[in-house]
Amino acid sequence: MDFLLRGGRVIDTSPASPRDAAADVLVQDGRVVDIGAGLAVPSGARVVDVSDLVVCAGLVDLHVHFREPGHEYKEDVASGSAAAAAGGFTSVCCMPNTKPVNDCRAVTDLILDRARAAGLARVYPVGAISKGLEGHTLAEIGEMAEAGIVAVSDDGRPVMNTGLMRRALEYAKTFDLPVVQHAEDLDLAEGGAMNEGAVATRIGVRAQPAQAESVMVARDIELVEWTGARYHVAHISAARSVALVREAKRRGLPVSCEVTPHHFALTDEACAHYDTSTKCMPPLRTEADLAAIKQAMADGTIDCIATDHAPHSAVEKELEFELAAPGMIGLETALPLTMALVREGVIDLARAVAMLTSAPAALFGLDRRGAGTLAPGGPADVCVFDPDRAWTVDRERGRSKSHNTPFHGLDMRGRAVLTVLAGRPVYDLDGRLS
Ligand code: DOR
């Protein structure tokens, strides 16, 4: 289907083709072919009025859990891809903590096959660092790299063994793959289910200190300095970790990090009523951490926003707080929560778009495949969103198979209205292209 998106605010934050102006976007044969003011309509192309809307590259999420293979009752690649499309995302990187773990080519291939069959998003597998995520021996990183992984991580678990982390950094470097760390020193964390501080003391929940994260980030940065490998901190949450990353970047080290919408929108006060949908790893932190996170989003220390979309069923969530599984879904609420930061004046709209498109694409090399930009000639992966659209989150109406969100019933502003993947509408809230 060929079409012309007429009159939107077109924002492209990629360094090669920057743009922020009212313009038309012409899509033909699955590609963006032209961007400019007052473009002529080729015969057979439909015209879609997108004035008052933002047109940007399809959003890119470096961190989702699609649970296939093994836990398809929570999510599978098809339902996760549908949730991605509904949130404006066209490229997502899925973490390896499936069952079996994605630690070899067969599992990587299976995920890629499922993603192709669903056809709703580009799904890029992240391979495990260690076999079975057990932290003992390196996984088959070489063969997974051949099969198409874009990074390695034991996410859900940290790499506790410093020697293994060294080897992972050295080995991943030979494939130019970033190593993504779930930074949580388990000896310091002591199984704590929320942030150590006043709220945990008040409500009597076993807690873990922010230093469980920052100590591991500090150790890893020392290893990065040694090995020169690319290192990415998943779901950064603590002010101290942010300070360490800022300092590492100042020294020119290849260190990057992402923040989740829940870590920039909520504090541990959200856990005060034992709502297990607020339980996540790392845990929600304090106002002081939140302030540091926002500062770091504004000054570029935090590179990008990633959802850590972590579906769980009622079976894992309707339990005591300490026993419930950590994590929350996030693909369909990321954009509105980011727009709230824009209205608050923390970041401007262009920086918000960069943190959801060009910046994450560049970190995992997805820019080489055309993600994160609208540059003519590339695949037409497009997100059209209304930064002010008011709506109320209804966990029953999301595309994910799981409903574990703490934002249920909350009024939001900002929403993806049209998501296009390789020129095909994969989400069309108002029926503009149907
Ligand atoms: O909250 C989380 N949930 N954090 C993680 O690191 C893992 C994730 C999951 O897999 O559920």
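Everything that follows concerns the structure shown earlier in this document.
In this report, the structure presented in the accompanying data block is examined. (Residues numbered from 1 in each chain as written. Predicted model: local features only at pLDDT ≥ 70, side-chain atom pairs only at ≥ 80, totals over all residues. Heavy atoms only, no water.)

### Description of the site of the ligand
Point 1. The full set close to the ligand counts 14 residues, and Arg67, Asn97, His182, Met281 and His312 are the nearest of them.
Point 2. The side chain of Arg67 places a nitrogen or oxygen atom 2.8 Å from an oxygen atom of the ligand.
Point 3. Relative to its unbound accessible surface of 290 Å², the ligand loses 95% to contact with the protein.
Point 4. When each cavity is represented as a set of grid points, the ligand is found to reside in the largest pocket.
Point 5. By residue class, the composition of the shell around the ligand is four nonpolar, seven polar and three charged. (Near = heavy atom within 4 Å. Polar contact = N/O pair within 3.5 Å; in protein donor to acceptor, adjacent residues only side chain to side chain. Areas by Shrake-Rupley, 256 points an atom, 1.4 Å probe, with all protein chains shown as cover. 1 Å grid on protein atoms, 1.4 Å probe; cavity = no way out; pocket = protein on both sides within 12 Å on 5 of 7 lines; lining within 4 Å. Sits in = over half its atoms within 2 Å of the grid points. Nonpolar A, V, L, I, M, F, W, Y, C, P; charged D, E, K, R; others polar.)

### Thoughts on the nonpolar core
Point 1. Met194, Ile236, Met297, Ile302 and Phe385 are the most contacted members of the largest nonpolar core, which has 91 residues in total.
Point 2. Residues Phe3, Val50, Ala380 and Val384 belong to the second largest nonpolar core, which totals 21 residues. (Core = buried A, V, L, I, M, F, W, Y, C linked by side-chain atoms within 4.5 Å. Buried < 20%, exposed > 50% of the residue type's maximum accessible area, 1.4 Å probe, protein only.)

### Section: the sheet that holds strand 8 (residues 122-125)
Point 1. Pairing within the open sheet is parallel, and its three strands lie in the order 6-7-8. Edge strands, defined here as strands with exactly one partner in the open sheet, are strand 6 (59-64) and strand 8. Across the sheet, the mean angle from the axis of one strand to that of its neighbour is 20°, orientation sign disregarded.
Point 2. In this structure, strand 7 (residues 89-94) lies alongside strand 8, joined through four bridges in parallel fashion. Bridge pairing in strand 8 places Val92 opposite Val123.
Point 3. Running over the sheet, helix 2 (residues 105-118) touches strand 7 and strand 8 and is turned about 175° from strand 8. (Pairing = 2+ DSSP bridges. Helix = DSSP H or I, 4+ residues; strand = E, 2+ residues; numbered from the N terminus. Axes fitted to C-alpha atoms, helices over the stretch in contact; angles between N-to-C directions. Contact = heavy atoms within 4.5 Å.)

### Comments concerning helix 4 (residues 162-174)
Point 1. When the terminal C-alpha atoms of helix 4 are compared, their 19 Å separation across 13 residues agrees well with the 18 Å that a helix rising 1.5 Å per residue should span.
Point 2. Within the sequence span of helix 4, burial applies to Leu164, Met165, Ala168, Leu169 and Ala172. One face of helix 4 carries all of its buried residues, which in axial projection span an arc of 140°.
Point 3. Where helix 4 is buried, its residues contact strand 9 (152-153), strand 10 (179-181), helix 7 (211-227) and strand 13 (231-233).
Point 4. For helix 4, the N-terminal cap is Asn161; the gap from its side-chain oxygen to the backbone nitrogen of Gly163 is 2.8 Å.
Point 5. At the exit of helix 4 stands Asp176, carrying a positive phi of roughly 55°. (Expected span 1.5 Å × (residues − 1). Arc of directions from axis to C-beta.)

### Some points on the environment of Ala288
Point 1. Mapped onto the fold, Ala288 is located in helix 10 (residues 287-299).
Point 2. When the C-alpha positions of Ala288 and Ser81 are compared, they lie 35 Å apart, and in sequence the two are 207 residues distant.

### Digging into the state of the cysteines
Point 1. The tally for this structure, following the rule as stated, stands at zero disulfides.
Point 2. With no disulfide of its own, Cys56 lies 4.4 Å from the sulfur of Cys383, the closest cysteine sulfur.
Point 3. Cys56 sits in the buried class, given a relative accessible area of 0%.
Point 4. Cys104 takes part in no disulfide bond, and the closest cysteine sulfur, belonging to Cys94, lies 14 Å away.
Point 5. A relative accessible area of 23% places Cys104 in the partly exposed class. (Disulfide = S-S within 2.5 Å.)

All we've got here are geometric facts, nothing functional implied.
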